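# Architecture and fold: a report
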Amino acid sequence: MKQGIHPENYRPVAFTDMSNNETFIVRSAATTKDTIEIDGETYPQVKLEISSSSHPFYTGKMKLVDTAGRVDKFMNRYSKHFENRKK
C-alpha cells in the first residue's frame, strides 16, 4: 500500500446491515461513535439500511424489506394506481 495517501483514521470498521443483522468488516475512514465486539475485538460500527446481502438485485428476491417498511407500505397503498396506468 502506498504510504501517505490514506487518512489517519483508515482502520477496520464493522458495517452492520440492519435489515438482516449481517455484519462485515472492511477497512474504512468512516466516522462513527458506535462500537461492536466481534471475536473479542472491538470495532467501530456503521449501521446500514441496506447492503448487498439484503438488496433485491443481489439476492434475487423481488420484495424490498427496509427497517421502517416504507417501500412495502407505499406499494400496498398505490399498487391499484399503477395497475390502472398499465391498461
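Right, let's walk through the structure included here. (Residues numbered from 1 in each chain as written. Predicted model: local features only at pLDDT ≥ 70, side-chain atom pairs only at ≥ 80, totals over all residues. Heavy atoms only, no water.)

This brings us to the pairing of strand E4 (residues 41-48). Along a regular strand, successive side chains alternate from one face of the sheet to the other. Here strand E1 (residues 11-17) runs beside E4; their pairing, made up of 4 bridges, is parallel. Considered in E4, the bridge of Asp 17 is made with Leu 48. One ladder, built from 4 bridges, connects strand E3 (residues 35-38) with E4; its direction is antiparallel. What sits directly across from Glu 37, in E4, is Thr 42. Between the end of E3 and the start of E4, which pair antiparallel, lie 2 residues, with Asp 39 showing a positive phi angle near 55 degrees. (Pairing = 2+ DSSP bridges. Helix = DSSP H or I, 4+ residues; strand = E, 2+ residues; numbered from the N terminus.)

Read from one edge to the other, the open sheet built from 4 strands follows the order E2-E1-E4-E3, with strand pairing classed as mixed. Of all the strands in the sheet, the pair left with one neighbour each is strand E2 (22-28) and E3. Adjacent strand axes in the sheet meet at a mean angle of 45 degrees, parallel and antiparallel pairs treated alike. (Axes fitted to C-alpha atoms, helices over the stretch in contact; angles between N-to-C directions.)

Treat this as a map of the structure, not an account of what it does.
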